[in-house]
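Topology and contacts: notes
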Amino acid sequence: MCRQTCPRALISDKLLPQEKIFVNVSQQFEQYPLERFRFIHGTVTDLDHVKRSLQIDSASGNEKLTLSFHALVIATGASTQSPLLGLNRDADFLRSSWTAFRQALLSAKSIVIAGGGPSGIETAGELGEYLNGRAGFFASKMEQPKVRITVVTAGAKILPLLRTSIAEKAERYLAQVGVTVIKNARVESVAPEGAGVKDLASKAMITLNNGNTIEADIYIPAVGMTFNTGFVPKELLTADGRVETNSLTLRVDKAGQRIYGIGDASSCARPAVHNILSTVPILAANMKRDLLLAAGKEESAVGADRLFKEETREMQLVPIGKSKGVGAAMGWQLPSFLVWAIKGRDYWLWTTGNLWSGKQWAKES
């Protein structure tokens, strides 16, 4: 599924085309011969990089598999604290989480969102516009929103990867849809325990590290990620739990030959869509090279490694509701209408067809 759509998709199925958010994995590989593709729906529980095998529990729970490999790509991503904001399990679990949230939303008068990063700000903006509308053209904020929405962030500003002036612009857009931002405060505790994580419809009392408390009909924790690398031996992980990956070649050097890391689960770059897209052709080229060498080709015949270079310039797009947004690309601040055109109109769904089918990289670049 397209995880980036969650801040809007969690509100209603009518806001984005569901058939583009959720796709059948097997169907994306139908253009390849059957004998070259096998799809296993399950959870990897152990990686043995010495014996070069994986232990897998099938999704049905009726089968345990051992799968040997010649080459392996670790691309298991990360899980969000809130089950609303990512594919932490399967599509059925995500849809059931959205259903529970939507039922609570019908009577909610107050919502607290923990986290001033893109997920928290996008979620606040979508909920604010959907529930409260948008203030008049000349109004700087919505004076009496139907639903009070509060964002709590530990930072001195929201959107820490963007410059202060862009963050302040985002805060003004949030105010226009009835969202208040509390800065320099961290959520210390939530009662009852599990509100917003295990029980999405539970009212909550949120205690901040400054001693203040906030009551909320709905609590959404949009902070942090847990990398899905519990099956990987600890000696192959970085301190934060990602797979230690060569940032140039994308190989997991400590694991032996032909094992690679990519995406949120990899340490090769900051977790971000543009970095993931940039690593795919590098990974494919270096894997092809390694496979040819393993098949007996001479190094002179396969050429040199391709090297990845992370984009470190200011680069982030953050829609705020269905018509506004802030962001920067390659160090340049973008106007609101461009953020809408690139991301905000459908949260990247206009790009996913070619990405999921592989057509984006049909020709080696």
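Above: the structure in question.
As a starting point, this report considers the structure included with it.

What counts and how
- In every chain, residue numbers begin from 1 and rise along the written sequence.
- The model is predicted, so local features are restricted to residues of pLDDT at least 70 and side-chain atom pairs to those at 80 or more, both for listing and for counting; the totals for chains, interfaces and linings are taken over all residues.
- As a rule here, side-chain values come from all non-hydrogen atoms in the structure, and water together with hydrogens is ignored.
- Under the scheme used here, helices are H or I runs from DSSP no shorter than 4 residues and strands are E runs no shorter than 2 residues, and both carry numbers assigned from the N terminus.
- Atoms considered for the radius of gyration are the C-alpha atoms alone. The globule rule reads 2.2 Å times the number of residues to the power 0.38.
- In this scheme, a residue with accessible area under 20% of its type's maximum is buried, one over 50% is exposed, and one in between is partly exposed, where area comes from a 1.4 Å probe on protein chains only.
- Values of accessible area rely on a 1.4 Å probe in the Shrake-Rupley scheme; residue burial ignores everything except the protein chains shown.
- Only four residue types enter the tally: Lys and Arg on the positive side, Asp and Glu on the negative side; His and the chain ends are excluded.
- By convention, the charge on Lys lies at NZ, on Arg at CZ, on Asp at CG and on Glu at CD.
- When DSSP finds two or more bridges between two strands, those strands count as paired.
- Whenever a helix is involved, its axis is fitted only over the stretch in contact; in every case the axis is a line through C-alpha atoms, and angles between N-to-C directions fall within 0 to 180 degrees.
- Think of a salt bridge as a Lys or Arg side-chain nitrogen and an Asp or Glu carboxyl oxygen that are within 4 Å of each other.
- Whether two residues are in contact is decided by their heavy atoms, any of which lying within 4.5 Å being enough.

1. Topic: the overall build of the protein
Counting secondary structure elements, the protein contains 9 helices and 17 strands. The C-alpha radius of gyration computed for the protein amounts to 22 Å, which stays within 12% of the reference 21 Å derived for 365 residues, consistent with globular compactness. Expressed along its principal axes, the backbone C-alpha trace of the protein runs to roughly 70 × 50 × 40 Å. For the protein, the proportion of its 365 residues judged to be buried stands at 45%. For the protein, the exposed surface amounts to about 19100 Å²; the carbon and sulfur share of it is 52%. Averaging the coordinates of the 43 positive side-chain charges in the protein and doing the same for the 35 negative ones gives two points 5 Å apart.

2. Here's the deal with unusual backbone geometry
Cis geometry is adopted by the peptide bond preceding P192, which originates at A191 and carries an omega value of 0°. In this model, L159 sits at a positive phi of 50°, which is unusual for a non-glycine residue. Mapped onto the secondary structure, L159 falls in the loop between β7 (148-152) and α5 (164-176). With relative accessibility at 0%, the residue L159 sits in the buried group. Even without being glycine, W348 reaches a positive phi, approximately 75°. Assignment of secondary structure puts W348 in the loop between α8 (336-344) and α9 (349-357).

3. Quick word on the pairing of strand β11 (residues 213-216)
Across the two faces of β11 the burial differs, with I214 and A216 buried and T213 and E215 not buried at all. Here strand β10 (residues 204-208) runs beside β11; their pairing, made up of 4 bridges, is antiparallel. Across the sheet, residue I206 finds its bridge partner in β11, namely I214. Connecting β10 to the antiparallel partner β11 that follows it, the hairpin turn spans 4 residues, and G211 within it adopts a positive phi of roughly 95°.

4. Topic: the sheet that holds strand β1 (residues 42-48)
Read from one edge to the other, the open sheet built from 3 strands follows the order β1-β2-β3, with strand pairing classed as antiparallel. Of all strands in the sheet, those bounded by a partner on one side alone are β1 and β3 (64-68). Adjacent strand axes in the sheet meet at a mean angle of 25° when their direction is disregarded. Relative to strand β2 (residues 53-58), β1 is paired through 6 bridges, and the arrangement is antiparallel. Its bridge partner lying in β2, D48 is registered against S53.

5. Quick notes on the sheet that holds strand β8 (residues 179-182)
Pairing is parallel in the open sheet, where 4 strands are placed in the order β8-β7-β6-β12. Edge positions in the open sheet fall to β8 and β12 (218-221), since each of these has one partner strand only. The average undirected angle you get between the axes of adjacent strands in this sheet is 20°. Where strand β6 (residues 110-114) lies against β7, 5 bridges are found, and the strand directions are parallel. Bridging from a neighbouring strand, A114 pairs with V152 of β7.

6. Overview of the pattern of salt bridges
Within the structure shown, the criterion is met by 16 salt bridges. Among the ionic pairs, K203 bridges to D217, the shortest N-O distance being 3.9 Å. Taken as a pair, K203 in the loop between β9 (187-191) and β10 and D217 in the loop between β11 and β12 lie far apart in primary sequence, 14 residues in all. A salt bridge links E299 to R289; the nearest nitrogen and oxygen atoms lie 3.0 Å apart.

7. Re the environment of G261
Along the chain, the position of G261 falls in strand β14 (residues 259-261). By relative accessible area, which is 0% here, G261 ends up buried. Linking G261 and V73, residues 188 residues apart in sequence, is a C-alpha distance of 5.7 Å. If we ignore the near neighbours within four places in the chain, the residues touching G261 are I74, T245, L250, V252 and S266.

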